[in-house]
Each structure stands twice: as C-alpha cells, then as structure tokens.
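# Coordinate inspection notes
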Amino acid sequence: MITIPLHLHSHWSLLDGVPSVREIVDFAQAEAYPVFALTDTNALYGAVEFAWRCREAGIQPIIGAELSTTGGHSIVLLAQSNVGYANLCKLVTLLQACPDRDASLARGLSFDDLSSHADDLIALSGGRSGSLDAALQGGDIPRAEFIASTLLDIFGHERFFVELQLVEAGDKDKVVALQRLADRLNIRAVATHDIRYLSPDDAPRYRILTAMRQGKKLAELPALPDLSFPSPDAM
C-alpha cells in the first residue's frame with residue numbers, strides 16, 4: 001500500500017532540510033508515488049519548481065508549508081486550490097515581509113491570522129512541533145482541547161486533522177493521547193513523519209545543517225532522531 005507523504009522538507013527550509021526539489025521529485029517518480037507534498041518551513045521558495053517538476057513527472061503536487069505559530073510552535077498547511085495557495089502566500093508574507101522579520105517569526109501566527117486566511121487550506125496540527133503535541137506533552141489536557149477545538153472551528157471537520165508522529169522514544173504515549181483527544185472531539189487523525197532527508201545515508205548532512213542552524217559544534221549536538229523518508233511498512 002502506498003502512503004502519501006504530507007510533511008516533507010527540502011533544502012529550501014534553510015538549514016532544516018537536505019534534498020533539493022529535483023531530488024525529491026526524482027525520488028517520488030522512482031518510487032511511483034502518484035501524489036507528493038512539499039511543506040518547507042515558513043517558505044514557498046521551492047513551490048513553483050516543485051509543481052512543474054511534479055507535473056512533468058506525472059505526479060500530483062501538494063503545495064504546503066510548515067508555519068510558525070504563537071508560543072514557538074508550528075502548524076502544517078496544505079493548499080487545496082489556487083485560493084488556498086493564495087492564502088498560504090499571505091500567511092507566509094505575514095511572517096516574512098515585516099520590518100523586524102526575526103521578531104515576526106518568533107511571534108508566529110495567531111489564531112486570528114489563521115482564521116483570516118483559512119479558505120481552501122487543509123491544516124495538520126503540526127506533529128512534534130505543534131502546539132497540540134506540546135500541550136499534551138506537558139499534561140495540559142484542557143489546553144490541548146482548547147487548541148484542537150479552536151483549530152476545528154477555523155478549518156472545520158473536513159479540513160483539520162490531528163497529526164500523529166512516532167519520531168522519538170516516548171512518542172507512543174503522546175500519540176495514544178492525541179488519538180483519544182481526536183476521538184473525543186470527533187476529529188480525524190493522520191499519521192505522518194517529519195521528513196528532512198530522503199535516505200538514512202543523509203543523516204550526517206542533516207546533522208551538520210542542525211549544528212549550523214543552532215550555532216553549535218557537531219560534538220555538542222545530542223543524538224538526533226531518524227528523519228529520513230520512511231518505508232510504507234514503517235508508516
């Protein structure tokens with residue numbers, strides 16, 4: 001059974017992703033994926049190239065992005081149409097086109113920002129970087145229910161999904177809690193992996209990028225989780 005990746009980063013995530021757009025599409029074509037998503041961090045730099053390369057390869061592209069939200073968290077948004085893509089562009093602009101860009105990115109998008117530009121966007125709760133995961137990780141179930149209910153109000157039952165990720169040790173209990181929350185609120189869940197590179201062989205390259213992004217020496221970094229493209233069986 002083919003699974004469709006919905007949370008994948010290219011090198012346009014700027015020190016937080018390894019593969020080029022060409023490498024991603026070549027991989028998707030070689031593995032016979034009919035649909036593929038690109039969700040770079042706070043950016044759509046690779047969106048146009050990704051779309052035309054996918055179409056040349058006979059693959060349906062899904063244009064998305066992982067965007068910073070308040071509290072230092074993030075949310076994954078996927079465009080359903082040209083209207084959704086336009087709203088995605090507007091949200092990226094809110095983060096990037098400010099006189100104090102760093103402060104804007106640190107502040108992130110509010111619920112009001114998302115609500116104002118939600119049409120034709122599918123929202124995933126953000127996985128391990130999402131506010132929903134953070135609330136449950138901290139044992140704050142009322143906060144998690146508030147976040148999930150608010151995003152459900154913004155995007156609706158057809159366009160909001162709780163994102164389940166098994167990335168690091170200890171994630172299983174959190175995923176169980178997320179699924180229970182989704183069941184209580186009648187929200188659909190989707191399993192994803194936070195893909196930052198295509199092959200496990202690229203893990204050293206991602207480790208170097210992480211050290212650069214965090215301003216640390218390689219020896220100062222802890223062990224990083226496997227963020228390579230998972231097999232269908234692993235998913």
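Note: the structure precedes this text.
Residues numbered from 1 in each chain as written. Predicted model: local features only at pLDDT ≥ 70, side-chain atom pairs only at ≥ 80, totals over all residues. Heavy atoms only, no water.

### Thoughts on the sheet that holds strand 3 (residues 73-79)
- An order of 1-2-3-4-5-6 is seen for the six strands of this open sheet, with the pairing classed as mixed. Since the sheet does not close on itself, it has two edges, and those belong to strand 1 (35-41) and strand 6 (188-191), each with one partner. For this sheet the average axis-to-axis angle between neighbouring strands, irrespective of direction, equals 30°.
- Across four bridges, strand 3 lies against strand 4 (residues 121-124) in antiparallel orientation. Within strand 4, the residue paired with leucine 78 across the bridge is isoleucine 122.
- Lying over the sheet, helix 8 (residues 171-184) contacts strand 5 (160-164) and strand 6, oriented at roughly 160° with respect to strand 5. (Pairing = 2+ DSSP bridges. Helix = DSSP H or I, 4+ residues; strand = E, 2+ residues; numbered from the N terminus. Axes fitted to C-alpha atoms, helices over the stretch in contact; angles between N-to-C directions. Contact = heavy atoms within 4.5 Å.)

### A word on helix 2 (residues 47-56)
- Those residues of helix 2 that fall on the buried side of the exposure criterion are Ala47, Phe50, Ala51, Arg53 and Cys54.
- Elements in contact with the buried residues of helix 2: helix 1 (21-30), strand 1, strand 2 (60-69) and helix 3 (82-96).
- The positive-phi residue at the C-terminal boundary of helix 2 is glycine 58, with phi of around 75°. (Buried < 20%, exposed > 50% of the residue type's maximum accessible area, 1.4 Å probe, protein only.)

### Section: a nonpolar patch on the surface
- On the surface, Leu15, Ile208, Met212 and Leu218 cluster together to form a nonpolar patch covering roughly 350 Å² of accessible area.
- Turning to its location among the elements, methionine 212 is positioned in helix 9 (residues 203-214). (Patch = residues over 30% accessible without salt bridge, like charges linked within 9 Å, V, L, I, M, F, W, Y side chains within 5 Å. Areas by Shrake-Rupley, 256 points an atom, 1.4 Å probe, with all protein chains shown as cover. Salt bridge = Lys/Arg side-chain N within 4 Å of Asp/Glu carboxyl O.)

### A few points about the pattern of salt bridges
- The tally for this structure, following the rule as stated, stands at 13 salt bridges.
- Between arginine 196 and glutamate 66 there is a salt bridge, with the nearest N and O atoms lying 3.6 Å from each other. With arginine 196 in the loop between strand 6 and helix 9 and glutamate 66 in strand 2, this pair connects stretches of sequence that are 130 residues apart.
- On the accessibility criterion, glutamate 66 (4% relative accessible area) is buried.
- Between lysine 174 and aspartate 171 there is a salt bridge whose closest N-O contact spans 3.8 Å. Placement of both lysine 174 and aspartate 171 in helix 8 is noted, with a separation of three residues, approximately one turn of the helix. The pair formed by lysine 174 and aspartate 171 is uniform in burial state, with each residue classed as buried.

### Re the side chain of serine 104
- Looking at where serine 104 falls in the secondary structure, it is placed in helix 4 (residues 101-107).
- Overall, serine 104 belongs to the buried group, its relative accessible area being 2%.
- For serine 104, the contacting residues outside a window of four places in its chain are Leu94, Leu95 and Cys98.

### As for unusual backbone geometry
- Of note in this structure, leucine 15 is not a glycine but carries a positive phi near 70°.
- Within the secondary structure, leucine 15 is located in the segment before helix 1.

### So, the pairing of strand 2
- Within strand 2, nine of the 10 residues are buried, which leaves it mostly tucked inside the rest of the structure.
- Alignment of strand 1 against strand 2, held across seven bridges, turns out to be parallel. Bridging from a neighbouring strand, phenylalanine 36 pairs with proline 61 of strand 2.
- Handedness of the crossover joining strand 1 and strand 2 through helix 2: right-handed.
- In this sheet, strand 3 lies alongside strand 2 in antiparallel orientation, the contact comprising six bridges. Paired with threonine 69 across the bridge in strand 3 is histidine 73. (Right-handed = clockwise from strand over helix to strand, strands pointing away.)

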